[in-house]
Amino acid sequence: MSAPLSTRLRTGLAVVLALVCSQGGAEQAVLGAGADLSNAPRVTIDRPKPVFMLIERDPRVHGLKPFQDLVDAAAPGSVLRPPPGTYAGPVVIGKPLVIDGGGAVTIDAGDRGTVMSLNADDSVVRGLRLTGSGASHDTDDSCLDVRGHRNVVEDLEIDNCLFGIDLKQVNNSVVRRNRIRSKDLDLGVRGDGLRLWYSHDNLIEANEIVDSRDMVAWYSHRNVFRANVGRRSRYSIHFMFADDNLVEGNSFYDNAVGVYFMYTKGGAARRNLISHATGATGMGIGFKEASGTLIEDNEIIYCGIGVGSDLSPFEPDTTIELRGNRFAYNGLAIQFNSETGGNNVRDNVFEGNLTQVSYGGRSDNPEKNFWEGNYWDDYQGFDRDQDGYGDQEHEVLAYADRIWMEFPTARFFRSSPVLELLDFLERLAPFSFPDLILRDEKPRFAKPRRVAP
């Protein structure tokens, strides 16, 4: 005889919750995305770390004293100041401790596994050099795994590691003034310099991440990324399903992409310098089905695309606000790959760009986006009343350059004599009315002074 319907429903609900837990999403499913999760029970999501015998590690660590012995001997809540020198990893910290290496302590795992795992809450790790992780993506070999809440990780020198600092289900913690460099591998097979996964309300400040793969925040909300430097990596910061994060006062150079908002709500990027995001995918700031984001007072210069937007804003009755930014010397200052509208572009500076604004295809309804008070270096009007704004509106029209907009492969010939001549002739005597890209009814006449971020 089958069980009653109510019993079967309760059993089904229990199975669903168990499946959610197994994917690491139980906290959000039960408490909601905005809840305080610092005291929530943890869900095991790491694959078991393999155990390597000493003989399997590089010979350089065979004669070193294990750092684990010092950790095991320290009392919970105490301050551990190890003597200067080089120690052997790996290290697992399972109790609250303050570990201060004073900039004179190195822990080397001999190119196998993860160097250090911080599994405790309310701890501090500072002043250490962590080096020599393994190179396995299957086990996420890293220099430092952080799995506890309210921890401080600062002033670390991290090199020769696949992943740098890996935070999973970590809340209310501080990661600052760390220098992180990945292994000397091809870009696509390096690990992430810094990764946040289901980690909320953390401060990521004044770190330097060089020659890594990405800095990522997945399913991680309300974090602050401030005054960090990123160079020669792929994504300076990549947000995915991560809401209300703040990116402020950072400097990102020579990366493929500066900041990318994918499937996000809210959040802001302001007073950042993003430079030389070049190459086939070069982009300063990107959106993919993002909503409610503020982009303010940034310098976006020498990028393939300054801002690239795809189906953003995505949610109804939301906007993307672009204001007070400087777009200079980019191949394309702003590119919209879709026409959802809802982009408000105010008080920005556009100068020295090969193309100011483009749509992925034809622009059938440019009025969906709002433009006002921007400075355009190709504005051809006057300011007779000297109020600082042009007497006539500024329009951007697509003439022959529509060829490479509709056929991106033709971009290679964008400045060739043939296309330049074709564009000149069409502007001189157009065979048909050109497409309207945008209309700024109150363009600035004089370039406003800016304070560098």
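Residues numbered from 1 in each chain as written. Predicted model: local features only at pLDDT ≥ 70, side-chain atom pairs only at ≥ 80, totals over all residues. Heavy atoms only, no water.

Considering the overall build of the chain
So, point 1. Of the regular secondary structure elements, the chain holds 5 helices and 38 strands.
So, point 2. Counting all 453 residues of the chain, 53% fall into the buried class.
So, point 3. If you take every contact in the chain between residues at least 6 apart in sequence, the share linking residues at least 24 apart comes to 54%.
So, point 4. In the form shown here, the chain has an accessible surface area of approximately 20,600 Å², with 55% of it arising from carbon and sulfur atoms. (Helix = DSSP H or I, 4+ residues; strand = E, 2+ residues; numbered from the N terminus. Buried < 20%, exposed > 50% of the residue type's maximum accessible area, 1.4 Å probe, protein only. Contact = heavy atoms within 4.5 Å. Areas by Shrake-Rupley, 256 points an atom, 1.4 Å probe, with all protein chains shown as cover.)

Structural notes on the state of the cysteines
So, point 1. Tallied over the full model, the rule gives 1 disulfide.
So, point 2. Each sulfur in the disulfide pair Cys143 and Cys161 lies 1.7 Å from the other. Disulfide Cys143 to Cys161: torsion about the S-S bond roughly 55 degrees, handedness right-handed. Of the two residues, Cys143 sits in strand β7 (residues 142-146) while Cys161 sits in strand β9 (residues 157-161), which places them 18 residues apart along the sequence. Across this residue pair, the class does not change: Cys143 and Cys161 are buried. (Disulfide = S-S within 2.5 Å.)

Section: the sheet that holds strand β10 (residues 163-168)
So, point 1. Spatially, β3-β5-β7-β10-β13-β16-β19-β22-β25-β28-β31-β34 is the arrangement adopted by the 12 strands of the open sheet, whose pairing is parallel. The open sheet is flanked by β3 (91-93) and β34 (355-359), the only strands paired with a single partner. Neighbour to neighbour, the strand axes of the sheet diverge by 10 degrees on average, direction disregarded.
So, point 2. Pairing of strand β25 (residues 283-288) with strand β28 (residues 305-310), which is carried by 5 bridges, proceeds in the parallel orientation. Bridging from a neighbouring strand, Gly286 pairs with Gly308 of β28. (Pairing = 2+ DSSP bridges. Axes fitted to C-alpha atoms, helices over the stretch in contact; angles between N-to-C directions.)

Some points on unusual backbone geometry
So, point 1. That bond from Gly89 to Pro90 is cis: its omega, 10 degrees, falls within 30 degrees of zero.
So, point 2. The topology assignment puts Pro90 in the loop between β2 (85-88) and β3.
So, point 3. A cis amide bond links Ser312 to the next residue, Pro313, at an omega of 0 degrees.
So, point 4. Tracing the backbone through its elements, the reader meets Pro313 in the loop between β28 and β29 (320-323).
So, point 5. Its identity as a non-glycine residue notwithstanding, His276 has a phi of 55 degrees, on the positive side.
So, point 6. As for its placement among the helices and strands, His276 is situated in the loop between β24 (273-275) and β25.

Describing the nonpolar core
So, point 1. Grouped together as the largest cluster of nonpolar side chains are 73 residues, with contacts concentrated most on Phe67, Leu130, Ile165 and Ile334.
So, point 2. With residues up to four places along the chain from it excluded, the contact list for Ile334 reads Val307, Leu322, Phe327, Val345, Phe350, Gln356, Val357, Ser358 and Trp371.
So, point 3. Within the second largest apolar cluster, 9 residues are counted, among which are Ala256, Val257, Met283 and Ile305. (Core = buried A, V, L, I, M, F, W, Y, C linked by side-chain atoms within 4.5 Å.)

Brief notes about the packing of aromatic side chains
So, point 1. The final tally for this structure, using the stated rule, is 16 aromatic pairs.
So, point 2. Measuring from centroid to centroid gives 5.4 Å for Phe239 and Phe261, while their planes differ by 20 degrees, and the two rings are stacked. Residue Phe239 is found in strand β19 (residues 235-240), and its partner Phe261 is found in strand β22 (residues 257-262); the two are separated by 22 residues along the sequence.
So, point 3. Residue classification places Phe239 among the buried positions, given a relative accessible area of 0%.
So, point 4. In this structure Phe261 comes out as buried when scored by relative accessible area, which is 2%. (Phe/Tyr/Trp six-rings, centres within 6.5 Å; stacked < 30°, edge-to-face > 60°.)

Notes on the confidence of the model for the chain
So, point 1. Summary statistics for the chain give a mean pLDDT of 86 and a share of 81% for residues scoring 70 or more.
So, point 2. Note that pLDDT drops below 50 for residues 1-33; the model gives that stretch 28 contacts with residues more than four away or on any other chain. (pLDDT = per-residue confidence, 0-100.)

Brief notes about the environment of Ile107
So, point 1. Within the secondary structure, Ile107 is located in strand β4 (residues 98-108).
So, point 2. Separated by 21 residues in the primary sequence, Ile107 and Leu128 place their C-alpha atoms 7.4 Å from one another.
So, point 3. If we skip the residues at most four places from it in the chain, Ile107 touches Phe67, Tyr87, Ala88, Gly89, Val91, Val115, Met116, Leu128, Arg129, Leu130 and Thr131.

Topic: the environment of Asp254
So, point 1. Relative to the helices and strands, Asp254 is located in the loop between β21 (251-253) and β22.
So, point 2. In sequence terms Asp254 and Gly230 are 24 residues apart; their C-alpha atoms lie 8.3 Å from each other.
So, point 3. Within the structure, the side chain of Asp254 is placed 3.4 Å from the side chain of Arg231, a separation counted as a polar contact. (Polar contact = N/O pair within 3.5 Å; in protein donor to acceptor, adjacent residues only side chain to side chain.)

Looking at the environment of Thr264
So, point 1. Examined against the element boundaries, Thr264 turns out to sit in the loop between β22 and β23 (268-270).
So, point 2. Judged by its relative accessible area of 2%, Thr264 is buried.
So, point 3. Setting aside its immediate chain neighbours within four residues, Thr264 contacts Phe239, Phe241, Ala242, Asp243, Glu289, Ala290 and Ser291.

Focus: the pattern of salt bridges
So, point 1. Going through the model one piece at a time under the given rule, you end up with 41 salt bridges.
So, point 2. Its salt-bridge partner being Arg177, residue Asp155 comes within 2.8 Å of it at the nearest N-O pair. Note that Asp155 is positioned in the loop between β8 (152-154) and β9 and Arg177 in the loop between β11 (174-176) and β12 (179-182), a separation of 22 residues in sequence.
So, point 3. On the accessibility criterion, Asp155 (31% relative accessible area) is partly exposed.
So, point 4. Judged by its relative accessible area of 41%, Arg177 falls in the partly exposed class. (Salt bridge = Lys/Arg side-chain N within 4 Å of Asp/Glu carboxyl O.)

Section: the pairing of strand β13 (residues 194-197)
So, point 1. Across the two faces of β13 the burial is the same, with Leu194 and Leu196 and Arg195 and Trp197 all buried.
So, point 2. Two strands pair when backbone bridges link them, and β10 and β13 are joined in this way by 4 bridges, in the parallel orientation. Of the residues in β13, the one forming a bridge with Ile165 is Leu194.
So, point 3. Inspection of the sheet shows β13 paired to strand β16 (residues 214-218) by 4 bridges, in the parallel sense. Residue pairing in the sheet places Leu194 in a bridge with Met215 of β16.

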